[in-house]
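Structure at a glance
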Amino acid sequence: MTSPSSQNDREKVVSKLPPWLRQELKIRTAQLRVDIQDAVHQGISHWSALASAPSPVDTSGAESFSTWLPAGQWESFRSSSKDRGVSLIQGLAQSVQLWLEMNPAPTVKRPSVVRRIIVCNQKGGVGKTAITAGTAEALAEDPDSLHPVRIARQLARLAADEEAHPADGHPGEGRPAEGHPTEAHATPFDLEDLPGLGMRVLLVDFDPQGHLTKQLGQQPLPIGGDSLTCHMASEAKGPLSDLIVPIADDRFGDRLHVLPACTDAFLLDVRLSTVRAREAALERALAPVEADYDVILVDCPPSLGLSMDAAIYYGRRRDAEQPGASGALIVVQAEDSSADAYDLLTSQINDLRDDLSLDIDYLGLVVNLYDGRRGYIATSSLQAWMDIKDPRVVAIVPDLKEQREAVRVKQPLFVYAPKGDQAVAFRALAREIS
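Let me sum up the structure you'll find in this document. Computed from a predicted model, the values in this text were never measured in an experiment.

**Brief notes about the nonpolar core**
Ranked by size, the top nonpolar core spans 53 residues in total, and within it Leu 228, Met 232 and Leu 282 carry the most contacts. Considering every element that reaches this core, the biggest residue donor is helix 11 (residues 306-314), with six residues. Excluding its chain neighbours within four sequence positions, the residues that come into contact with Met 232 are Phe 206, Leu 268, Leu 272, Val 275, Ala 281, Leu 282, Ala 285 and Ala 310. Counting residues in each nonpolar core, the second largest holds 36 residues, with Val 119, Ala 140, Ile 247 and Phe 426 among its members.

Written as structure tokens, this is what we have:
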């Protein structure tokens, strides 16, 4: 069935496709950034140009499918199908299958230098661990499936709102933001289904408290055995790769791994004090496993000691590495104490830059656990972060229950609530810093 369209000389076509084939078409067009209507148009054109029809496609369970084709193409296709003795549904399925075969899924683009993301803030309790885990899970998601993503226009929208309605200093007049939108802002156009990024990711639990390890359902390494601390102190008892464990779930494949924490890291600064070139200790320890990963995320402790120096050094820009590929991702909250801790951390980073002549990039600020309903303190603090243009805010993660519930059941957030607002925000963050 067809109906005319006044736009672009196309007409609407209604037929049927089996669900599995329609899903493959949806995923492939998203991967290649091609409109579905263009893919179907190309597939029919190629099918019609063949000397004979290709092998039959299983169309059992076919369901309604509609798209827009150039005027006249469907009638021509109908005639070709009749000449070849196949139904319109079979001919359409063969055309779509032919397009899929001629347009294979793109391979995941791997960085030439492993990316190193240092997730940090001297203040505890801002949610560094949740941001580290969520970003890693978003980076490792299946590239052959579609996942809901809230694109970064949320930040532009917030900035535009503040320009139109600047804060006037009166408490209680803050507007809800990400996670608590007004009806005017809650539109379906904020979401887009996109393929996963498919990166090979290593999470490094660099905090002796081991929250990241436990949140992902793993056990900390035992005291007295091998650990990252031992490797940094040049006292390794075996290959570092033997300590790394996978996070098992189909959406990650075998792409998401974690290096568990050990409580011996409480003494890391003491042990580093006698190590030669101690700033490079973390880099030396992780070097043997870097080739196995595209991205390494380090969940830093709330510290400004020698271990933090080693983490910052590890995130420096290396030779031949693009600016912004690696660096510090700073997690803050929309409240005053985060600002004080931010000043201390940036002072440490800048001192290390100057003392060792390093290029250390800021990947951005993540405002975590935001809830505009908390009023003036939250909204005015958010605006203060937004006003810092370098580094700029790259994500606003709402304060919702899904993350806390995932921690309670010791599951990754993307396994527990893959379509929740927090997972959607993490996917946007992963793309923003990629």
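And the narrative resumes.
**Concerning the side chain of Arg 10**
The topology assignment puts Arg 10 in strand 2 (residues 10-17). There is a polar contact of 3.0 Å between the side chain of Arg 10 and the side chain of Asp 38. Only 2.9 Å separates the side chain of Arg 10 from the backbone oxygen of Trp 68, close enough to count as a polar contact.

**Side note on the sheet that holds strand 12 (residues 362-370)**
Strand order in the open sheet formed by eight strands is 8-9-7-10-4-11-12-13, and the pairing between neighbours is mixed. Only two strands of the sheet have a single neighbouring strand rather than two, namely strand 8 (245-246) and strand 13 (393-398). Where strand 4 (residues 115-120) meets strand 10 (residues 295-299), five bridges bridge the pair, whose relative direction is parallel. When the sheet's bridge partners are listed, Arg 116 is paired in strand 10 with Ile 296. Relative to strand 11 (residues 327-333), helix 12 (residues 336-356) is tilted by about 165°, and along the sheet it contacts strand 4, strand 11 and strand 12. Against the sheet, helix 16 (residues 421-432) engages strand 12 and strand 13, with an angle of about 170° to strand 13.

**Examining the environment of Leu 345**
Within the fold, Leu 345 resides in helix 12. By relative accessible area, which is 0% here, Leu 345 ends up buried. In sequence terms Leu 345 and Ile 330 are 15 residues apart; their C-alpha atoms lie 8.9 Å from each other. In this view, Leu 345 contacts Cys 120, Asn 121, Leu 304, Met 308 and Ile 330; residues no more than four positions away in its chain are not counted.

**Quick notes on the packing of helix 2 (residues 36-49) against helix 3 (residues 73-84)**
If you want to describe how two helices pack, look at the angle between their axes and the distance between the axes. Where helix 2 contacts helix 3, the two axes come as close as 11 Å, and the packing angle between them is 40°. The orientation of helix 2 relative to helix 3 falls into the category oblique. For the crossing formed where helix 2 meets helix 3, the hand is left-handed. Between helix 2, through His 41, Ile 44, Ser 45, Trp 47 and Ser 48, and helix 3, the contact on the second element is made entirely by Gln 73, Trp 74, Phe 77, Ser 80, Ser 81 and Arg 84. Taken together, the residues of the contact of helix 2 with helix 3 break down into four nonpolar, six polar and one charged.

**As for helix 2**
In this model helix 2 runs 20 Å from its N-terminal to its C-terminal C-alpha over 14 residues, within 8% of the 20 Å that 1.5 Å per residue would give. When helix 2 is considered as a whole, its buried residues turn out to be Ala 39, Val 40, Gly 43, Ile 44 and Trp 47. For helix 2, the arc enclosing every buried residue in end-on projection is 130°, short of the 170-degree limit, so these residues lie on one face. Turning to helix 2, the residues buried within the fold contact helix 1 (19-32), strand 3 (63-70), helix 3 and helix 4 (88-102).

**Focus on the environment of Asp 359**
By the element assignment, Asp 359 lies in the loop between helix 12 and strand 12. Asp 359 gets classed as partly exposed once you look at its relative accessible area, which sits at 43%. Expressed as a C-alpha distance, the spacing of Asp 359 and Gly 315, which sit 44 residues apart in the sequence, is 9.2 Å. Apart from residues lying up to four places away in sequence, Asp 359 is in contact with Arg 316 and Arg 317.

**Here's the deal with the side chain of Ser 338**
Note on placement: Ser 338 falls in helix 12. Here Gln 333 takes part through its backbone nitrogen, which lies 3.0 Å from a polar atom of the side chain of Ser 338. Beyond its immediate stretch of four places on either side in the chain, Ser 338 contacts Asn 121, Lys 123, Val 126, Val 332, Gln 333 and Trp 385.

**Focus: the layout of surface pockets**
In this model, the largest pocket occupies a volume close to 740 Å³. Among the secondary structure elements, those contributing two or more residues to the lining of the largest pocket are helix 1 and strand 6 (191-195). When grouped by side-chain class, the residues that make up the lining of the largest pocket number 15 nonpolar, seven polar and seven charged. Estimates place the volume of the second largest pocket at around 420 Å³. What lines the second largest pocket is a set of 24 residues, among which Gly 127, Lys 128, Thr 129, Ala 130 and Gln 215 lie closest to the centre. Elements with a minimum of two residues in the lining of the second largest pocket: helix 5 (128-140), helix 7 (211-215), strand 12, helix 14 (401-408) and helix 16. A per-class count over the lining of the second largest pocket returns nine nonpolar, 10 polar and five charged.

**Details of the packing of aromatic side chains**
Counted by the stated rule, this structure contains three aromatic pairs. A centroid spacing of 5.1 Å and a plane angle of 70° characterise the contact between Trp 47 and Phe 77, whose relative ring orientation is edge-to-face. You can see Trp 47 sitting in helix 2 and its partner Phe 77 sitting in helix 3, a full 30 residues away along the chain. Trp 47 sits in the buried class, given a relative accessible area of 0%. Aromatic side chains Trp 74 and Phe 77 sit 5.2 Å apart centroid to centroid with 45° between the ring planes, which places their arrangement in the tilted category. Remark: Phe 77 and Trp 74 occur in helix 3; sequence separation between them is three residues, near one turn of the helix. Taken individually, Trp 74 and Phe 77 each receive the classification buried, so the pair is uniform in this respect. By the ring-pair criterion, three or more aromatic residues cluster together here, those being Trp 47, Trp 74 and Phe 77. Sitting over the ring of Trp 47, Arg 84 keeps its end group 4.5 Å from the ring centre. Its end group placed over the ring of Tyr 314, Arg 116 keeps NZ or CZ at 5.7 Å from the ring centre.

Analysis parameters
Residues numbered from 1 in each chain as written. Predicted model: local features only at pLDDT ≥ 70, side-chain atom pairs only at ≥ 80, totals over all residues. Heavy atoms only, no water. Core = buried A, V, L, I, M, F, W, Y, C linked by side-chain atoms within 4.5 Å. Buried < 20%, exposed > 50% of the residue type's maximum accessible area, 1.4 Å probe, protein only. Helix = DSSP H or I, 4+ residues; strand = E, 2+ residues; numbered from the N terminus. Contact = heavy atoms within 4.5 Å. Polar contact = N/O pair within 3.5 Å; in protein donor to acceptor, adjacent residues only side chain to side chain. Pairing = 2+ DSSP bridges. Axes fitted to C-alpha atoms, helices over the stretch in contact; angles between N-to-C directions. Parallel < 35°, antiparallel > 145°, perpendicular 65-115°, else oblique. Left-handed = near helix turned anticlockwise from the far one by under 90°. Nonpolar A, V, L, I, M, F, W, Y, C, P; charged D, E, K, R; others polar. Expected span 1.5 Å × (residues − 1). Arc of directions from axis to C-beta. 1 Å grid on protein atoms, 1.4 Å probe; cavity = no way out; pocket = protein on both sides within 12 Å on 5 of 7 lines; lining within 4 Å. Points joined across faces, edges and corners; volume = space filled by probe spheres on them. Phe/Tyr/Trp six-rings, centres within 6.5 Å; stacked < 30°, edge-to-face > 60°. Lys NZ or Arg CZ within 6 Å of the ring centre and 35° of its normal.

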